[in-house]
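Descriptive structure summary
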Amino acid sequence: MKTLISASAIALAVTSAAHAEKIGVTMAAFDDNFLTVLRTGMQEHAATMDSELQLEDAQNEVGRQLNQIQNFVASGVDAIIVNPVDTDATIPMTQLAEQAGIPLVFVNREPVNLKQLPATQAYVGSLEIEAGNQQGQHACELLKAMGKTEARVAILMGDLSNQAARLRTQGAEDIFAGDECGFIEVVEKQTAMWQRTLGSDMVTNWLSAGLEIDAVLANNDEMAVGAAQALRNAGADFDQVVVAGVDGTIDAKAMIQSGEIDHTVFQDAVGQGHGAVDAAVRLARGEEVEQISYIPFQLITPENLDQFASSN
């Protein structure tokens, strides 16, 4: 559901459009490839809107992120953008900004209190369960095309404090629970914390233990790349195993080109970054925005790879 925020509801947060808005931005981590693209998208769009970003790295620590938001409030920023470390820890962030009368926009990671956000706050991201649906559906189709009547799938999950990890996993499992794809069994499901190295190590351990895997679905591309590397090192036949990720990063697209990853689900990092800055600036200026903005996921396969050559 999309809700319009009325300008009158944010009178305390109104700033003059005659000056450059100062926006405090706290990112979950600077060293994440996807979040780097998101951050760059915000910086580029802020420059076109005559707005100044103060960027902070939370280094995947909730306490550090809360302190950064407190510092933004103390310095009197015009708006705050938060890419949450932990989507279950967003309520105190909402309260800090609301009490200070400063608009806040969550980006990319859906806050646990999404349906209770005050009128001066918004969310820009993507509907995470759809990523899992698209990933699982295409994996099902590929396994059928291989002639599989029984298939064993392992899922590499992100940080379980992040709602995206839970929903992307659920989205794939929902597909496998249907009649069309009921021949697929999830035989392993563990978190690799969004990380390439951990994803590679986990798949290596599974293979070393003798686990037979027909497909590896990863909640993000970093883990998918790690999984593909582990399978390559084990001498896997990539014509007989499906590997899939989410995000549409450069490295994942290169592996789709080489045949080591079958598909990924494009998440528009630049679009989310632009949307977050746009919402923050407009809220600071007392304008109306859509309180919840979902940017669609798109499946990337070898057939349409060229269309996404310059994305993420």
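About the criteria used
- Residues numbered from 1 in each chain as written.
- Predicted model: local features only at pLDDT ≥ 70, side-chain atom pairs only at ≥ 80, totals over all residues.
- Heavy atoms only, no water.
- Helix = DSSP H or I, 4+ residues; strand = E, 2+ residues; numbered from the N terminus.
- Polar contact = N/O pair within 3.5 Å; in protein donor to acceptor, adjacent residues only side chain to side chain.
- Phe/Tyr/Trp six-rings, centres within 6.5 Å; stacked < 30°, edge-to-face > 60°.
- Buried < 20%, exposed > 50% of the residue type's maximum accessible area, 1.4 Å probe, protein only.
- Pairing = 2+ DSSP bridges.
- Disulfide = S-S within 2.5 Å.
- Axes fitted to C-alpha atoms, helices over the stretch in contact; angles between N-to-C directions.
- Parallel < 35°, antiparallel > 145°, perpendicular 65-115°, else oblique.
- Left-handed = near helix turned anticlockwise from the far one by under 90°.
- Contact = heavy atoms within 4.5 Å.
- Nonpolar A, V, L, I, M, F, W, Y, C, P; charged D, E, K, R; others polar.
- Salt bridge = Lys/Arg side-chain N within 4 Å of Asp/Glu carboxyl O.

1. Brief notes about the environment of T48
On the secondary structure map, T48 appears in helix α1 (residues 33-48). At 2.6 Å, the side chain of T48 forms a polar contact with the backbone oxygen of H45.

2. Description of the packing of aromatic side chains
Between two aromatic rings, the relevant description is the distance of the centres plus the angle of the planes. The full count for this structure, using the stated rule, is two aromatic pairs. Ring geometry for Y123 against Y294: centres 6.2 Å apart, planes inclined by 75 degrees, an arrangement best described as edge-to-face. Here Y294 lies in strand β11 (residues 292-294) and Y123 lies in strand β5 (residues 121-125), a separation of 171 residues in the sequence. A relative accessible area of 0% means that Y123 is categorised as buried.

3. Remarks on the environment of Q116
Relative to the helices and strands, Q116 resides in the loop between β4 (104-107) and β5. Accessibility expressed as a relative area gives 58% for Q116, which makes it exposed. Sequence separation between Q116 and H138 is 22 residues, and the spatial gap between their C-alpha atoms is 34 Å.

4. A short note on the pairing of strand β2 (residues 52-57)
Direction of pairing for strand β1 (residues 22-27) relative to β2: parallel, over a ladder of six bridges. Its bridge partner lying in β2, K22 is registered against E52.

5. Side note on the state of the cysteines
Under the counting rule described, the total for this entry stands at one disulfide. With its sulfur 2.1 Å from that of its partner, C140 forms a disulfide with C181. Looking along the S-S bond of the C140-C181 disulfide, the torsion reads about -100 degrees, which is the left-handed sense. With C140 in helix α4 (residues 128-145) and C181 in the loop between α5 (163-176) and β7 (184-191), the pair connects residues that are 41 residues apart, well separated along the chain.

6. Section: the packing of helix α6 (residues 196-208) against helix α7 (residues 221-233)
The interhelical angle for the contact between α6 and α7, taken along N-to-C directions, is 40 degrees, at an axis separation of 7 Å. The orientation of α6 relative to α7 falls into the category oblique. Here α6 runs over α7; the crossing is right-handed. In contact with R196, G199, S200, V203, T204 and L207 of α6, α7 contributes E222, M223, V225, G226, A227, Q229, A230 and L231. Across the contact of α6 with α7, the residue classes tally to seven nonpolar, five polar and two charged.

7. With respect to the pattern of salt bridges
For the structure on display, the rule yields eleven salt bridges. A salt bridge links R168 to E128, with the shortest nitrogen-to-oxygen separation between them at 2.7 Å. With R168 in helix α5 and E128 in helix α4, this residue pair connects regions lying 40 residues apart in the sequence. Via salt bridges that share partners, R196, E222 and D251 belong to a single interconnected network.

The values are spatial; any link to function lies outside them.
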